Amino acid sequence: MAIQTKKLTKKYAAAVEKLEKDKLYSGADAMALVKSLSYVKFDESVDLAVRLGVDPRHADQMVRGSVVLPYGTGKKVRILVFAKGDKAEEAKTAGADIVGDDELVEEVRKGFMDFDKVVATPDMMASVGKLGKILGPRGLMPNPKIGTVTNNVSAVVSDLKSGMVEFRADKTGIVHVGIGRVSFSADKLLENMNTVVASLMRAKPASSKGQYVKGMAISSTMGPGLHLDSAQVISEL
């Protein structure tokens, strides 16, 4: 294990050497570079981090939402839907992997967690609310603000399958979003990133004063971070 770690450290150091110190990269240059810096054998995810000038401790400055990436995330998503009757059938037809009502709520309460996303119809929330301590810490609790509490389950399941991602500012005001895989073309990664940034701009709280976007960076799972010229990225939206 020590030898493997040493090899990875050397490869990481070699990747860092390809970066220009203190340079702010354009979106296009950053996407091409993050692909070339990959040194592992698996298809790494590419993640965007955006530092916002908000204080999430204040409810009126929380930035949260969802957006459908044009080219998806490159990850297969298992979707669980809490619904009854016709809405349950609608969810199944749309491609939901697991569908159920109160019995499924009980299964999750007992430990079933073989899913990546959760959707619920409004009439199920009284029961689903009991799972707050289980789903909440994992970021899986359905929420109307991000569209996962809805009667339009068919559209939401379809969006999730095709690449809908959620975003939320953490306690330091940073939003982390996966925008694809290293195997994606640079153009697809760039378009996915621009879609996320545009959505973040639309989500700017009215109470946010001063500079809203304070910095952006991208990185692959194992690679070094590249700092972006956020002003340039925003100007090209």
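Above: the structure in question.
Residues numbered from 1 in each chain as written. Predicted model: local features only at pLDDT ≥ 70, side-chain atom pairs only at ≥ 80, totals over all residues. Heavy atoms only, no water.

1. Here's the deal with the nonpolar core
Inference 1: Among the nonpolar cores identified, the biggest contains 39 residues, and Leu48, Met193, Ile218 and Leu226 are the most heavily contacted of them.
Inference 2: Elements with a minimum of two residues in this core: helix H2 (27-36), strand S1 (45-52), strand S6 (164-168), strand S7 (174-181), helix H8 (186-202), strand S8 (213-220) and strand S9 (226-228).
Inference 3: For this core, the element with the highest residue contribution is H8, accounting for six residues.
Inference 4: If we skip the residues at most four places from it in the chain, Met193 touches Gly27, Met31, Leu48, Ile179, Ile218, Leu228 and Val233.
Inference 5: Counting residues in each nonpolar core, the second largest holds 15 residues, with Leu80, Phe82, Phe115 and Ala120 among its members. (Core = buried A, V, L, I, M, F, W, Y, C linked by side-chain atoms within 4.5 Å. Buried < 20%, exposed > 50% of the residue type's maximum accessible area, 1.4 Å probe, protein only. Helix = DSSP H or I, 4+ residues; strand = E, 2+ residues; numbered from the N terminus. Contact = heavy atoms within 4.5 Å.)

2. A closer look at the packing of helix H3 (residues 85-94) against helix H7 (residues 153-162)
Inference 1: Axis separation between H3 and H7 bottoms out at 8 Å; the angle between their running directions is 25°. Classed by the angle they form, the pair H3 and H7 counts as roughly parallel. Relative to H7, H3 is oriented so that their crossing is right-handed. For the pair H3 and H7, contact is made by Lys87, Glu90, Ala91 and Ala94 and by Val153, Ser154 and Val157, respectively. (Axes fitted to C-alpha atoms, helices over the stretch in contact; angles between N-to-C directions. Parallel < 35°, antiparallel > 145°, perpendicular 65-115°, else oblique. Left-handed = near helix turned anticlockwise from the far one by under 90°.)

3. Things to note about unusual backbone geometry
Inference 1: Backbone geometry places Asp22, a non-glycine residue, at a positive phi of 65°.
Inference 2: The topology assignment puts Asp22 in the loop between helix H1 (2-17) and H2.

4. Topic: the pairing of S1
Inference 1: Summarising the sheet, S1 and S7 pair through seven bridges and their orientation is antiparallel. By the bridge assignment, Arg51 is partnered in S7 with Ile174.
Inference 2: As judged from the seven bridges shared by S1 and S8, these two strands associate in the antiparallel manner. Note on S8: the bridge partner recorded for Leu52 is Val213. (Pairing = 2+ DSSP bridges.)

5. Description of the sheet that holds S9
Inference 1: The sheet built from four strands is open, its strands ordered S7-S1-S8-S9 with antiparallel pairing. Either end of the sheet is taken by a strand with one partner, and the two such strands are S7 and S9. Each strand of the sheet is rotated relative to its neighbour by a mean of 25°, with strand direction disregarded.
Inference 2: Here H2 sits on the sheet and contacts S1, S7, S8 and S9; the angle it forms with S8, its principal contact strand, is near 30°.
Inference 3: Packed on one face of the sheet, H8 meets S1, S7, S8 and S9 and runs near 155° to S7.

6. What to know about the side chain of Thr121
Inference 1: Structurally, Thr121 is set in the loop between strand S5 (117-120) and helix H5 (125-128).
Inference 2: For Thr121, the residues in contact, after removing those within four places along its chain, are Phe82, Ala83, Lys87, Thr150, Asn151 and Val153.

7. Thoughts on the sheet that holds strand S3 (residues 79-82)
Inference 1: The strand order across the open sheet formed by three strands is S4-S3-S5, and the pairing between neighbours is parallel. Across the chains shown, the open sheet's two edge strands, defined by having one partner strand only, are strand S4 (98-100) and S5. Mean inter-strand twist for the sheet, computed between neighbouring axes without regard to direction, equals 15°.
Inference 2: Lying over the sheet, H7 contacts S3 and S5, oriented at roughly 165° with respect to S3.

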